[in-house]
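Here are the chains, one letter per residue:
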Amino acid sequence: MTPQTAPPRAPRLLLLSLLLLLLAVLVAPLALASPARAVTSTGLGTGYLWRGDGVSYLGTYLLADGRKAFCLEAGKSSPVGNEYDTATGPDVFDISSDDHARLAYIARTWAGTDDQDTAAAGQLAVWSITGLAGRSARYYAGRANERWPIVLEKMQQMLDEAAREASTSVSASMAVDLQPDGTGTLRADVAVDRVAGGPGQLPPGPAGSVTLSGAVFADGSSASSVQNGETVSFRAVGDLPQIVVGAEARFDDLPYGRVMTVGSSPAGSQMILFTGGTSVTATGSASATALSPLPFRPRVSTVASDAVADAGTEVTDELTLTVEPGDGLLSEWGRIEVDGGWAPIPVTVRSRLLGPFSARPVESADWPVDAPAVCDVEVRVVEGPGTYTTPACALPAGGWYTWVESIDPADTAEEEGRDRLHGWRSAFGTASETTVVPWAPDIETAVVGASVVAPDTCVSDSLEVSRWNPEVEEVVVDTLLIGPFAELPAVDTDLGDVRDLETAGLVAGRVSTTLTGAGHVETPCLVARDVGGYAFVYTSPGTAPGPDSHQVVPAFTDMRVHASESFRVEAPPIAPVVPAALAFTGSGAGGLALGISLAGGLLVAGAAGAHVGRRRRRLRSHEGLALAAGSGQPTTTGTALR
């Protein structure tokens, strides 16, 4: 570019064609390696060709993609026909940061011009910063022919403006103001650090895009166009107890900063400065937090400490507190401000142990009215979600028990967040909340018949069964006849172990009765053979143990003496024997005496015969009975009806 004259045109064109072919061969591998970063200078852009030689040129060069570029290195060969690799950044040319900023300003302000004076002045301003290769600005301005004074003056104006307006960097900041009710405002500000004057806020003007997280603008969208320095309103959204609003502003194509794009060619021709430099994007973000005004509803999952227990066992309930989701509700536990920080809203879980019930509770949303209750306990929860344990309650007797729980906002003080707490109430009879204390049925017994009977009388026992466990199909009860005793032990005397009674020969009989429900049943009769006192007692092994080794009905017995279960066997009175009278020899007194004596003897004999007949009939009525083991007494079974 620097020569004032040139060789003849035809040889020069031939030489140029050969050089272009050679460069195409040399640069092809590089272009293939990174085609996206390569660009070719296709010819002259806007400017002046010096009429003195028809070759020397001052202005911009045209690139294959339509952009225009200034040359950066005065004195080097023209970029036309050469392929360039590009680099973009704030320090891509070896000059100071301030000069880098001036070049970036000149490139984005004037390189794309279609005015010849402006293009020529811009090229001259670039060389004035990067170096004139030992020449003066006036020397290069001459290529504008008679326009050189105008170009030279315009160059100086450009340099002055670049020194005043060029900037080394640009940034953006975001201010977010969030109120406790979830409303707020934001403002994005763009700052520029100029070469002359340092950093400063830009006046309102450049438009950017703002994207919100955790909030929306007035139109319900989370993205909007905003002006630099403009205050915009928003409202928080979401279901978290702590409102977190984020805002990010993006300002594209800002004409600030020292970032520019340059191209270099393997051919060694001038490096070039691209049209418009590179757009700068400034981003800023901020967040603010506040307590959400939304309410929340706690939920309690509960598990009783024991599924099966003995009477007297102290049971507890395990409480796992979480949050129940719902429209307009928080998805996490609500919070309040405490000593400059945040803490969970406290709640009180009230637990009631209901029972005993004679049947397994049926799950229901409603609690039964007037249900028996064992105890009422409460747990004060101040740490929010988690697992807690209730105070213990002792199980008083056999039966079914179930826990119920509730949370009432009234138990939370107003200043502790009552207005943001919804109540909760558990269902009744859930399986995880149920405990059973196995129990035996209640049995009231009484001897059937008279309290005094003759020897060999077959006596039955009456069983009145109540409080039956509906989950039990049947229970076998052994009824034992204990005796004879010369004197029956006092009422409520415990007769002791059955084996000891058998050893003592006091088990007069045994009969098994299968109970299948509540109601009245009479056992098959047992024969009381000998004179003395007798008492009925009973014992049962309960139901067979289940897989967990627990019995639905435990073994039970009643070996005590009860008045209603006792009777005596007494022999009938024996008639007096009359001595035999003399033979009747006449009709006098002697004859009468003999007649009375004979009549008396027949009466006694008849009475004895009648007693034997009753005994035989009773024995015949029991011919089907088997002899009881060990005692020689009959045994049988019976079934209680529902």
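Figured I'd write up the structure that's included with this text.

The rules behind these values
- Residues numbered from 1 in each chain as written.
- Predicted model: local features only at pLDDT ≥ 70, side-chain atom pairs only at ≥ 80, totals over all residues.
- Heavy atoms only, no water.
- Pairing = 2+ DSSP bridges.
- Helix = DSSP H or I, 4+ residues; strand = E, 2+ residues; numbered from the N terminus.
- Axes fitted to C-alpha atoms, helices over the stretch in contact; angles between N-to-C directions.
- Disulfide = S-S within 2.5 Å.
- Buried < 20%, exposed > 50% of the residue type's maximum accessible area, 1.4 Å probe, protein only.
- Core = buried A, V, L, I, M, F, W, Y, C linked by side-chain atoms within 4.5 Å.
- Contact = heavy atoms within 4.5 Å.
- Salt bridge = Lys/Arg side-chain N within 4 Å of Asp/Glu carboxyl O.
- Parallel < 35°, antiparallel > 145°, perpendicular 65-115°, else oblique.
- Left-handed = near helix turned anticlockwise from the far one by under 90°.
- Nonpolar A, V, L, I, M, F, W, Y, C, P; charged D, E, K, R; others polar.
- Expected span 1.5 Å × (residues − 1).
- Polar contact = N/O pair within 3.5 Å; in protein donor to acceptor, adjacent residues only side chain to side chain.
- Phe/Tyr/Trp six-rings, centres within 6.5 Å; stacked < 30°, edge-to-face > 60°.
- Lys NZ or Arg CZ within 6 Å of the ring centre and 35° of its normal.

1. A few points about the sheet that holds strand E1 (residues 38-49)
One closed barrel holds the six strands; their spatial order is E1-E2-E3-E14-E13-E4, and the pairing between them is antiparallel. Across this sheet, the average inter-strand angle for adjacent strands is 45 degrees, counted without regard to direction. The pairing of strand E3 (residues 68-71) with strand E14 (residues 272-274) spans three bridges and is classified as antiparallel. When the bridges of E14 are listed, Ala 69 appears paired with Phe 274.

2. With respect to the sheet that holds strand E16 (residues 297-304)
The three strands lie next to each other as E16-E18-E23, forming an open sheet whose pairing is antiparallel. If you trace the sheet from one side to the other, it starts and ends with E16 and strand E23 (386-389), each paired once. The average angle at which neighbouring strand axes cross in this sheet is 30 degrees, direction not considered. Of the pairings in the sheet, the one linking strand E18 (residues 317-324) to E23 comprises four bridges and is antiparallel in character. Residue Glu 318 lies in a different strand from E23, and its bridge partner there is Thr 389.

3. Things to note about the state of the cysteines
Applying the stated criterion across every chain, the model contains two disulfides. Paired by a disulfide, Cys 375 and Cys 393 hold their sulfur atoms 1.6 Å apart. Here the disulfide of Cys 375 and Cys 393 is right-handed, its torsion about the S-S bond being about 90 degrees. In this pair, Cys 375 sits in strand E22 (residues 373-381) while Cys 393 sits in strand E24 (residues 393-394), placing the two residues 18 residues apart along the sequence. Note on accessibility: Cys 375 and Cys 393 belong to one class, buried. One disulfide bridge connects Cys 458 with Cys 525, the sulfur atoms lying 2.0 Å from each other. Disulfide Cys 458 to Cys 525: torsion about the S-S bond roughly 90 degrees, handedness right-handed. Here Cys 458, found in strand E30 (residues 457-466), pairs with Cys 525, found in the loop between strand E33 (519-522) and strand E34 (526-528); they are 67 residues apart in sequence, far enough to count as distant. Cys 525 carries the same exposure label as Cys 458, and that label is buried. Described in terms of the sequence order of its bonded cysteines, the disulfide pattern of the protein is 1-2, 3-4.

4. Focus on the nonpolar core
If you look at the biggest cluster of nonpolar residues, it comprises 39 residues, and the most contacted ones within it are Leu 72, Leu 103, Ile 106, Val 151 and Leu 273. Elements represented by at least two residues in this core include exactly strand E2 (57-63), E3, helix H2 (97-110), helix H3 (116-130), helix H4 (137-141), helix H5 (148-165) and strand E13 (260-264). The contact partners of Leu 103, leaving out residues within four places of it in the chain, are Leu 72, Phe 93, Ile 95, Val 126, Ile 129, Thr 130, Met 260 and Leu 273.

5. Some remarks on the pattern of salt bridges
What the rule picks out here adds up to 22 salt bridges. Between Glu 165 and Arg 164 there is a salt bridge, with its nearest N and O atoms 3.6 Å apart. According to the relative accessible area criterion, Glu 165 is partly exposed, its value standing at 28%. Close ionic contact of Arg 499 with Asp 497 constitutes a salt bridge, the shortest N to O distance being 3.1 Å. Put simply, Arg 164, Glu 165 and Arg 194 are held in one network by salt bridges that share partners.

6. Points about the packing of H3 against H5
Axis separation between H3 and H5 bottoms out at 8 Å; the angle between their running directions is 60 degrees. Viewed along their axes, H3 and H5 adopt a mutual orientation that is oblique. Of the two possible hands of crossing, H3 and H5 adopt the one that is right-handed. Contacts between H3 and H5 involve Asp 117, Thr 118, Ala 120, Ala 121, Gly 122, Leu 124, Ala 125, Ser 128 and Ile 129 from the former and Ile 150, Val 151, Leu 152, Lys 154, Met 155, Met 158 and Leu 159 from the latter. When its residues are assigned to classes, the contact of H3 with H5 shows eleven nonpolar, three polar and two charged.

7. Quick look at H5
Its 18 residues give H5 an end-to-end C-alpha distance of 25 Å, which sits within 8% of 26 Å, the value for a rise of 1.5 Å per residue. Against the buried residues of H5 lie E1, E2, H2, H3 and H4.

8. Digging into the side chain of Gln 123
Of note, Gln 123 is situated in helix H3. On the basis of relative accessible area, Gln 123 is assigned to the buried category, the value being 1%. Reaching out from Gln 123, the side chain makes a polar contact with the backbone nitrogen of Cys 71 at a distance of 2.7 Å. Every residue in contact with Gln 123, bar those within four places of it in the chain, is listed here: Leu 58, Gly 59, Phe 70 and Cys 71.

9. Quick word on the environment of Leu 481
Counting through the fold element by element, Leu 481 comes out in strand E31 (residues 475-485). For the pair Leu 481 and Ala 535, spaced 54 residues apart in the sequence, the C-alpha separation amounts to 5.9 Å. Not counting chain neighbours up to four residues away, the residues in contact with Leu 481 comprise Leu 506, Val 507, Ala 508, Gly 509, Leu 526, Val 527, Ala 528, Tyr 534, Ala 535, Phe 536 and Phe 567.

10. Quick word on the packing of aromatic side chains
One pass over the structure, following the stated rule, counts nine aromatic pairs. Seen from their ring centres, Phe 296 and Trp 333 are 4.9 Å apart, and the 45 degrees between their planes marks the pair as tilted. Linking Phe 296 in the loop between strand E15 (280-291) and E16 with Trp 333 in the loop between E18 and strand E19 (335-338), this pair joins segments that are 37 residues apart in sequence. Residue Phe 296 shares its accessibility class with Trp 333, and that shared class is buried. Each residue in the set Trp 127, Tyr 139 and Tyr 140 is aromatic and connected to the rest through ring pairs, giving one cluster. Stacked on the ring of Tyr 139, the Lys or Arg Arg 135 has its end atom at 4.3 Å from the ring centre. We note Arg 138 situated over the ring of Trp 148; from NZ or CZ to the ring centre the distance is 3.5 Å.

11. With respect to the pairing of strand E25 (residues 399-407)
Burial of E25 is extensive: nine of the nine residues sit out of reach of the surface. Both faces of E25 are covered, namely the face carrying Gly 399, Tyr 401, Trp 403, Glu 405 and Ile 407 and the face carrying Trp 400, Thr 402, Val 404 and Ser 406. The sheet contact formed by strand E21 (residues 347-357) and E25 spans seven bridges and is antiparallel. Within E25, the residue paired with Arg 350 across the bridge is Ser 406. Relative to strand E27 (residues 434-437), E25 runs antiparallel, the two being bridged by four bridges. Looking at the pairing, Trp 400 lines up with Val 436 of E27. The pairing of E25 with strand E26 (residues 424-425) spans two bridges and is classified as antiparallel.

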